[in-house]
Amino acid sequence: MNRRQFFRKGGALASSAILIAGSSAHAQNHQHDHAAKPTPTDAPKPAESASERSRGLGLWKEAASASPLTQAPIKPQHGQRYTPVITPNGATLPWKMVDGVKEFRLTAEPVVREFAPGMLAHCWGYNGMTPGPTIEVVEGDRVRFFVTNKLPEHTSIHWHGQRLPNGMDGVGGLTQPHIDPGKTFVYEFTVRRSGTFMYHPHSDEMVQMAMGMMGMFVVHPKNPREHAVDRDFCFLLQSWKIEPGTYTPNTVEMLDFNLWSLNSRTFPGIDSMVVRKGDRVRIRIGNLTMTNHPMHLHGHEFKVACTDGGWVPPTAQWPEVTIDMPVGAVRAVEFIADEEGDWAFHCHKSHHTMGPMGHAIPNMMGVDQGSTVKTIAELFPSYMYMPMGSAGMAEMQDMAAMGMTLPENTLPMMTGEGQYGPIEMGGMFTTLKVRPDTPPASRQLLAADPGDYQHPKGTVAFEMK
Ligand SMILES: [Cu+2]
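Bear in mind that the values here come from a model prediction, so they are computed numbers and not experimental data.

**Student:** Now, about the sheet that holds strand β12 (residues 273-276): what can you tell me, with residues and values included?
**Tutor:** Pairing in this open sheet of five strands is mixed, and the strands run β12-β23-β20-β14-β18 from one edge to the other. Looking along the sheet, the strands with just one partner apiece sit at the ends: β12 and β18 (322-325). Across the sheet, the mean angle separating the axes of adjacent strands is 20 degrees when strand polarity is ignored. Relative to strand β23 (residues 429-435), β12 runs parallel, the two sharing four bridges. Following the sheet pairing, V275 is matched in β23 by V434.

Right under this line is the structure:
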């Protein structure tokens, strides 16, 4: 059973919250059995040595080969109706109703994440994944979270943007004791506002967020007709410093990040958003990186409809094609997908749509470097990052043809292959695929990638002869 099939079944079987959480984690992390109660053998282990790390890689590669696809939208388990949010390359956290309270289980733990084919990293996350599974509830719900810490250090969870009793706010030391390794804490509150929120640690925050600990928290309005859309996607923006040839984020990096992701994936590893022509679409975006990201959608204009402060009244929504995402903030944009095609959706900082690159690249525009590059690169593998670019950087797309190889576990600076040639992107880049709504295409079917857009004859830019 592949992951998508699993989730389809999982949606139907979701009354067993622990079963689903455990099994979804299984896809990425074979090291823990989440279905089992914690035992002493599950106690966090000290950081692995380099040799343990390389020995373990076979297992991790196997684990990561079950890379998650966008799950089919699941129906709400029961109770209120709403259009479920889709977390591309992610999952939704199941719950169990216990005496009128929605109960969720989150386990903070080390995970291995495949960012794109060819690159894995040691991260921290929740329930076997980074970002953690999306929490999805309805305004007015009473919620209870059991948060178990399987990290090697203490943690806590802050429910970003929520109205709640101060002691449930999750700021370690300020509003609660930190959750020590091996311990489980309980958070309980009533979700008072609908909208888009996030969750993340408020203990050793810089390190834990740099390792990937974060998730989205979506609250649907009590009235399902309010703010209704046909397709509802959510992305978390993340920044990482993972040096070429290494496997672990540098958690003390403050400014000089080299990897930019949507839901802990980078192009071409990010699932497309697939919608029917005419669908009303919402994209919810949360930014937990250390810089802003102007997220740009091609082919459509959208309105800024929601922030983590709440819904923007229709009279105050404004049109954009790029939404600048401030640090520590959420924005949701809405539009009618009425133009067929494969439309890019990406950060407009152009170095955020590239793979790892050094910032110490000398400007080689117009410099003839001849054949010296290959010779020097044989002596100094890292040199290949420096002398490129005599005639622009497009040549980076085909480094193999130039006799160069990348360090292991390193994504190219520019990559991706489209139907007309190299796409030359990386990082925060994916596509919105708008297709005609031809029966029997259903919501479920549209969760599958429909492939390249077949452009009608005479509608593609062409070479003048
Ligand atoms: Cu960016």
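Picking up after the structure, the text goes on.
**Student:** Hey, could you go over the sheet that holds strand β9 (residues 215-220) for me, with residue numbers and the actual values?
**Tutor:** Sheet strands line up and pair through hydrogen bonds in the backbone, either parallel or antiparallel. An order of β4-β9-β8-β6 is seen for the four strands of this open sheet, with the pairing classed as mixed. Only two strands of the sheet have a single neighbouring strand rather than two, namely β4 (135-138) and β6 (158-160). Direction aside, neighbouring strands of the sheet carry axes that sit 25 degrees apart on average. The sheet contact formed by β6 and strand β8 (residues 195-200) spans three bridges and is antiparallel. Residue H160 lies in a different strand from β8, and its bridge partner there is M198.

**Student:** Any details on the side chain of Q176? Residues and values, ideally.
**Tutor:** Positionally, Q176 belongs in the loop between β6 and β7 (184-190). A polar side-chain atom of Q176 sits 2.6 Å from a polar atom in the side chain of Y187.

**Student:** Give a detailed account of the coordination of the copper ion, specifying residues and quantitative values.
**Tutor:** Six octahedral donors around a metal ideally sit at 90 or 180 degrees from one another, while four tetrahedral donors ideally sit at 109.5 degrees. Protein-derived ligands of the copper ion are H293 (ND1), C347 (SG) and H352 (ND1), with the metal-ligand distances lying across 2.0 to 2.1 Å. Written as a sequence motif, the donor arrangement for the copper ion is H-x53-C-x4-H. Of this pair, H293 sits in strand β14 (residues 293-297) while H352 is found in the loop between β20 (341-347) and α5 (372-379), placing the two residues 59 residues apart along the sequence. In this pair, the class of H293 matches that of H352, namely buried.

**Student:** Describe the packing of aromatic side chains, naming the residues involved and giving the relevant values.
**Tutor:** Applying the stated criterion across every chain, the model contains 13 aromatic pairs. On the basis of an interplanar angle of 25 degrees and a centroid distance of 5.0 Å, the ring pair of F104 and F145 is categorised as stacked. Placement of F104 in strand β2 (residues 101-116) and of F145 in strand β5 (residues 142-149) is noted, with a sequence separation of 41 residues between them. For the cation-ring pair, K102 lies above W95, with the distance from its terminal atom to the ring centre recorded as 4.5 Å. Between the NZ or CZ atom of R105 and the centre of the ring of F146, over which it lies, the distance is 4.7 Å.

Each value, and the rule that gives it
- Residues numbered from 1 in each chain as written.
- Predicted model: local features only at pLDDT ≥ 70, side-chain atom pairs only at ≥ 80, totals over all residues.
- Heavy atoms only, no water.
- Pairing = 2+ DSSP bridges.
- Helix = DSSP H or I, 4+ residues; strand = E, 2+ residues; numbered from the N terminus.
- Axes fitted to C-alpha atoms, helices over the stretch in contact; angles between N-to-C directions.
- Polar contact = N/O pair within 3.5 Å; in protein donor to acceptor, adjacent residues only side chain to side chain.
- Donors = N, O, S within 2.8 Å, 3.2 Å for Na, K, Ca; no water.
- Buried < 20%, exposed > 50% of the residue type's maximum accessible area, 1.4 Å probe, protein only.
- Phe/Tyr/Trp six-rings, centres within 6.5 Å; stacked < 30°, edge-to-face > 60°.
- Lys NZ or Arg CZ within 6 Å of the ring centre and 35° of its normal.

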